Amino acid sequence: MSDVESKAEKIIKMCEELGAKEAEALLYALNDRVVRFSKNVIQQHAHYHEEGVYLRLVNKNNRHITVFLQPVSKEQMKTILSKVLEKNADTSRAGHSNIEQPSFRYIDRTDEVEDDEYTEKVYQVVNAGKTVSRKVSDVTGAIFSRVSQIVFHNTAGNFLQHRYTGSSCVCVSIAEDYGSTGVGFSSQNSRSIKEILFDNIAEEASRDAVSSLNPQKLELGSYDTIFQSDAAGDIIGSFIQLGFSVRRWEDYVEVGSVCGPEILTVKDDPLNRETLIPLPFDSEGTPTKPLTLVDRGVVKNKCFDKKLALQKNTVSTGHSPFTHDITYSSKFFVGWPYYPTNQFVSPGSGDSQSLIENERRAVLVKRLMYAGLPMGVHATEQHRDVMEAYTMGTWLVKDGEVEHSLHSLRISESLSKMIKSVKEVGGVNTIKRLGCLNTPWIVVSNVTYTEEADLSFRV
Amino acid sequence: MLDENLATYCVNYALDIGADYCDVRVYRLTKLDITQRFQASGSETEINEESSESIGLRVLVQGCWGFSGTKTPINKETCRILGKEAVKSAKSQKPRKKIELAPVPILRKRYEQKPKKNPAKVNPEEVQEFFAPTVNNFLSANKHVISCISSYTGFIQERLVITSEGSNCFEKTCGCGIQIKASAKVDGMMFSRTWPETLNLSITMQGLEALKDYELDDGLHRIGSELKQLQNATSCPNQKLDLILAEDMLALQVHETIGHPCELDRALGLEWDFAGSTLLTPENLNGFKLGSDIVNIVADPTIEHGPGSYTFDDEAVEGRKIYIVKQGVFVGYLSSRQLSAELKTENVCGSMRSMNASHIPLIRMNNINLLPGDWTRDEIISDTKEGMMITQPSMEIFDQRRRTFIFSGEIGFYVRNGEVVSAVKNPVYHGQSVDFWRNCDAIAKDGWRGYASGCGKGRPHQRVLVGHFCSAARFNGVKAGVES
């Protein structure tokens, strides 16, 4: 880990020397390790190191400028900063004068794992996955770990620092049986690689792959659906991002209105040590605090950064998103963290078995893939309340039991309608920590399916 | 110029400490992004300057891969750290199957694009002045438009690739692009129109002089009129019809249902854990009828000004044009040296690229182009009895093998008896990839140009610029709307 703290101090000092009236710097340093495997081969065994600095500057003419620099020499940095401080930009961004705390340090423990341990874990996963059944033809996946540091420093003397570590393992097993292909998925995230249960992940993925073989057709239409945590997280995370985040669809939900059933409560709790990415401050240096977004189905609060707060005559809630990817979870697109980043969906009472037993005829969905989620929504972007997504791990539940597997299905459904149609929220033992989201299973009435896709090898 | 001595030192150091093979990449990127938001109440500008250097070292030790890359400052010490990390991670593996590389000629290339005006060094005021007067006039004249966002991006990228086999290649390229997105509210919902129609800005690999070709007034006038039409537009019909895809929409269709499926890493099962697989599995190569006879698709990194053009890839393999689909038959994969060897083909086409040198190279699209046909765009419209034309992608979804898909655009136009009769809001179509391409019955010969797309893949996620050259085309019997 490089000395990001002293770099922050030097950069702010340089900005002052070059005539900046105000300057704030957000520095990050990432040390990542990724091992990807398939076909019994480690296809990628890689170390990644990255540093970057986002600068917000106010020049002598009171113009606001943002700059992103990735390590360049001191001389180059000086040249670039001299040049941009002359520029005549204006972002009307609020200044940094309202930072509440002068200094904040949050140090988490770091992981030290040797290369050969990663290799051991890969073969552990492959062996455990293949032991489940002879029908398992391949066990693929990735092990990821990150040691990260974020430092915020500005000309007002504020200095904030956060260090965190994280690991994830994702496993996708492939099973084959007389021309049928079954695909199974499992993953786990933790702040420490030592807490990840590699055997369990591999076995779950392989069991799912085998139980996904020989899927039967389902008449397209609407079905009550049990979404396991991964899928439930995508649905609730998308809804929250679309309606509550800083980059939101302004009138998607109104504070005080009913957006869901009474069993639905969602909080953002950035300081909770149970979450995978506790964040003591946002990218503007505003200290974070818990915020209830949905309280028993009623819209309670929305998020603000300084700029939006200025427009709406309120204060920042500490939700200015980081520009670099702060997550280490096993999502398909890791560059799509949900905002706010530490959502907790309050659990209900039922366990996974009882949620299944309660259904006479329903679809059970493990995960959504290639979901057309309303990401990156800006207040002035085209509105779309329709969620399009393909399922991965799909079964029919009949008379309280999992009857057989189904093809991958395409959901085409109103996101707000799905939230309003949540009829059950799973208990605490159905919660999965997914990086940004801490979500139990949910059951949603009348989800519309418009296509099915065969994942077998035949064309 | 990038430090070739440092890169050579990195290669030699890796060989000294045990690498059997290695390649090193050094990138430098200088990028300028300017975004202006215009509303009746005023405007604001955001300027982002990016300047980065990166280096990555990939090694093979006893048939196992190791890699280390960094965006931290580059010096000899950095090279030694990378060497140790890459070799150590390769040595830590117990090879169950040795990785081999298909042989390629040693390549020595030097290419430096010489733009008339450097697109990364433009004065922001110049860009602000390019947009502001016209956009402000447009907003005054179109009260139904709530906001306009204009974007400019300009960049210069330097790439150096050196391999232990003796290849040594350097390339310096530049590009720039602009875009305007205008938005209006219709019945409480926001609708947008984008100009020029594109997938990711209208990036072209040229200097700032390329901007003179854009006719801002005409473009804004058209999207303003289309936003007005959307106020009275009909909803998307829920029926089978003949679908005419405008060039930008077709670029997306090519990207998702041809470009990604022809990546050999997907075909061999190496991407199941994140990106998924493909319908184009190896047994289908050189025989499978993927499209109608008029469908010809090439991967071409050599095309002038192409968003995905390059002279060599990240394995120092010369970029060359190959057919992916010839007269409707699937004939080629995008591949790497490793996977070409695995497939036992010597057809290494140079498709390995990374987002920056600190990331591992992956098989990526370059310019995946649908070759022009015999029709004109007007002839296709006038020959259509009942159909819909769609432009400007707004949503795309597909299954893990990309056999089925659903796409939508910003605006559609209903076509009846050869004439455009009305605008359609939220146009959506869906289908099966193979049926779709087999039902392509007309491709335009005019309007063939490149569309840039930012394409995501890999773990960690990497986004690279790719291109698609297309002209409009028609597809019979496509399902529009969503059955629910």
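Bear in mind the structure is a predicted one, so any value in this text is a computation, not a measurement.

Thresholds, definitions, all that
Residues numbered from 1 in each chain as written. Chains lettered and ligands numbered in written order. Predicted model: local features only at pLDDT ≥ 70, side-chain atom pairs only at ≥ 80, totals over all residues. Heavy atoms only, no water. Helix = DSSP H or I, 4+ residues; strand = E, 2+ residues; numbered from the N terminus. Rg over C-alpha atoms; globule rule 2.2 N^0.38 Å. Contact = heavy atoms within 4.5 Å. Buried area = accessible area lost by both parts, 1.4 Å probe. Salt bridge = Lys/Arg side-chain N within 4 Å of Asp/Glu carboxyl O. Polar contact = N/O pair within 3.5 Å; in protein donor to acceptor, adjacent residues only side chain to side chain. Nonpolar A, V, L, I, M, F, W, Y, C, P; charged D, E, K, R; others polar. Expected span 1.5 Å × (residues − 1). Buried < 20%, exposed > 50% of the residue type's maximum accessible area, 1.4 Å probe, protein only. Phe/Tyr/Trp six-rings, centres within 6.5 Å; stacked < 30°, edge-to-face > 60°. Lys NZ or Arg CZ within 6 Å of the ring centre and 35° of its normal. Patch = residues over 30% accessible without salt bridge, like charges linked within 9 Å, V, L, I, M, F, W, Y side chains within 5 Å. Areas by Shrake-Rupley, 256 points an atom, 1.4 Å probe, with all protein chains shown as cover. Lys, Arg positive; Asp, Glu negative; His and termini not counted. Charge placed at Lys NZ, Arg CZ, Asp CG, Glu CD. Pairing = 2+ DSSP bridges. Axes fitted to C-alpha atoms, helices over the stretch in contact; angles between N-to-C directions. Core = buried A, V, L, I, M, F, W, Y, C linked by side-chain atoms within 4.5 Å.

Asks: Give me the overall build of chain B: which residues, what numbers.
Replies: On a plain count of helices and strands, chain B comes out with nine helices and 23 strands. A compact globule built from 484 residues would reach a C-alpha radius of gyration of about 23 Å, and chain B, at 24 Å, matches this within 12%. When its C-alpha atoms are laid out on the principal axes, chain B stretches across 70 × 55 × 35 Å. Put simply, 76% of the contacts in chain B that link residues at least 6 apart link residues at least 24 apart.

Asks: Describe the interface of chain B and chain A, naming the residues involved and giving the relevant values.
Replies: Each partner contributes to the interface: chain B provides 88 residues, whereas chain A provides 93 residues. For the pair chain B and chain A, the summed buried area comes to about 7700 Å², and 52% of that belongs to carbon and sulfur atoms. Viewed at the interface, chain A and chain B are joined by six salt bridges. The residue A:Lys307 makes a salt bridge to B:Glu44 at a minimum N-O spacing of 2.4 Å. The interface formed by chain B and chain A includes 24 residue pairs in polar contact (both at pLDDT 80 or more). With ten residues, the single largest contributor to the side of chain B that touches chain A is strand S2 (residues 42-61) of chain B. In the side of chain B that touches chain A, the residues fall into 27 nonpolar, 36 polar and 25 charged.

Asks: Which residues make up helix H3 (residues 115-131) of chain A, and what are the values?
Replies: Across its 17 residues, H3(A) extends 25 Å between first and last C-alpha, which sits within 8% of the 24 Å expected from 1.5 Å per residue. Among all positions in H3(A), only A:Asp115, A:Tyr118, A:Thr119, A:Lys121, A:Val122, A:Tyr123, A:Val125, A:Val126, A:Ala128 and A:Gly129 are buried.

Asks: Which residues make up the packing of aromatic side chains, and what are the values?
Replies: Counted under the stated rule, the structure contains 20 aromatic pairs over all chains. On the basis of an interplanar angle of 45° and a centroid distance of 5.6 Å, the ring pair of A:Tyr48 and B:Phe67 is categorised as tilted. Of this pair, A:Tyr48 sits in strand S2 (residues 41-58) while B:Phe67 is found in strand S3 (residues 64-70), placing the two residues in two different chains. Grouping residues by exposure puts A:Tyr48 and B:Phe67 together as buried. One aromatic cluster is present, formed by B:Phe405, B:Phe407, B:Tyr429, B:Phe436, B:Trp437 and B:Phe475 through successive ring pairs. Seen from the ring of A:Phe185, A:Arg367 lies directly overhead, with NZ or CZ sitting 3.6 Å from the centre. The ring of B:Tyr323 carries the charged tip of B:Lys326 above its face, separated from the ring centre by 4.5 Å.

Asks: Residues and numbers for a negative patch on the surface, please.
Replies: Residue and element names in this part refer to chain A. A cluster of like negative charges, contributed by Asp351, Glu357, Glu401 and Glu403, occupies part of the molecular surface. Note that Glu401 resides in strand S15 (residues 401-405). The exposure class of Glu401 is exposed, given its relative accessible area of 57%.

Asks: Describe the environment of A:Asn429, naming the residues involved and giving the relevant values.
Replies: Residues and elements named next belong to chain A. As for its placement among the helices and strands, Asn429 is situated in the loop between strand S17 (422-425) and strand S18 (432-433). Overall, the relative accessible area of 57% leaves Asn429 in the exposed class. Sequence separation between Asn429 and Arg63 is 366 residues, and the spatial gap between their C-alpha atoms is 52 Å. In this structure, Asn429 is in contact with Gly350 and Asp351, ignoring residues within four places of it in sequence.

Asks: Explain helix H2 (residues 76-91) of chain B to me, and be specific about the residues and the numbers.
Replies: Relative to the 22 Å expected for 16 residues at 1.5 Å per residue, H2(B) spans 22 Å between its end C-alpha atoms, a close match to the ideal helical length. All of the buried residues in H2(B) are B:Thr78, B:Cys79, B:Leu82, B:Gly83, B:Glu85, B:Ala86, B:Val87, B:Ser89 and B:Ala90. Among the structural elements, S2 and H3 of chain A together with helix H1 (4-16), S2 and S3 of chain B are those in contact with the buried residues of H2(B).

Asks: How would you explain the pairing of strand S16 (residues 386-398) of chain B if you had to name every residue and give the values?
Replies: Residues and elements named next belong to chain B. The element S16 is largely enclosed, with a buried count of ten among its 13 residues. In the sheet, strand S9 (residues 240-245) pairs with S16 via four bridges, with the strands oriented parallel. Bridge assignment links Leu245 to a residue of S16, and that residue is Ile390. Looking at chain direction, S16 and strand S17 (residues 404-416) are connected through eleven bridges and run antiparallel. Each bridged residue has a counterpart across the sheet, and for Phe398 the counterpart in S17 is Phe405. Where S16 folds back onto S17 in an antiparallel hairpin, the turn is made up of five residues, including Arg402, whose phi is positive at roughly 60°.

Asks: Give a detailed account of a positive patch on the surface, specifying residues and quantitative values.
Replies: A cluster of basic residues, A:Lys10, A:Lys13, A:Lys74 and A:Lys78, forms a positive patch on the protein surface. Put simply, the parts of the chain that give the positive patch at least two residues each are helix H1 (4-17) and helix H2 (74-85) of chain A.

Asks: Go over the sheet that holds strand S10 (residues 297-299) of chain B, please, and point to the residues and values.
Replies: All names here are of chain B. Read from one edge of the open sheet, four strands run S12-S11-S10-S15, paired in antiparallel fashion. This sheet does not close on itself; its edge strands, each paired only once, are strand S12 (329-330) and strand S15 (368-370). Where S10 lies against S15, three bridges are found, and the strand directions are antiparallel. The residue of S15 that forms the bridge with Ala299 is Ile368. Seen against the sheet, helix H5 (residues 247-259) touches S10, strand S11 (322-326) and S15 and runs at an angle of roughly 120° to S15.

Asks: Explain the nonpolar core to me, and be specific about the residues and the numbers.
Replies: Residues and elements named next belong to chain B. Residues Leu370, Tyr429, Phe436, Trp437 and Phe475 are the most contacted members of the largest nonpolar core, which totals 70 residues. Per-element tally for this core: the top contributor is H5, with six residues. Filtering out sequence-adjacent residues up to four positions away, Phe436 remains in contact with Leu243, Leu245, Gln253, Phe405, Tyr429, Phe475 and Val478.

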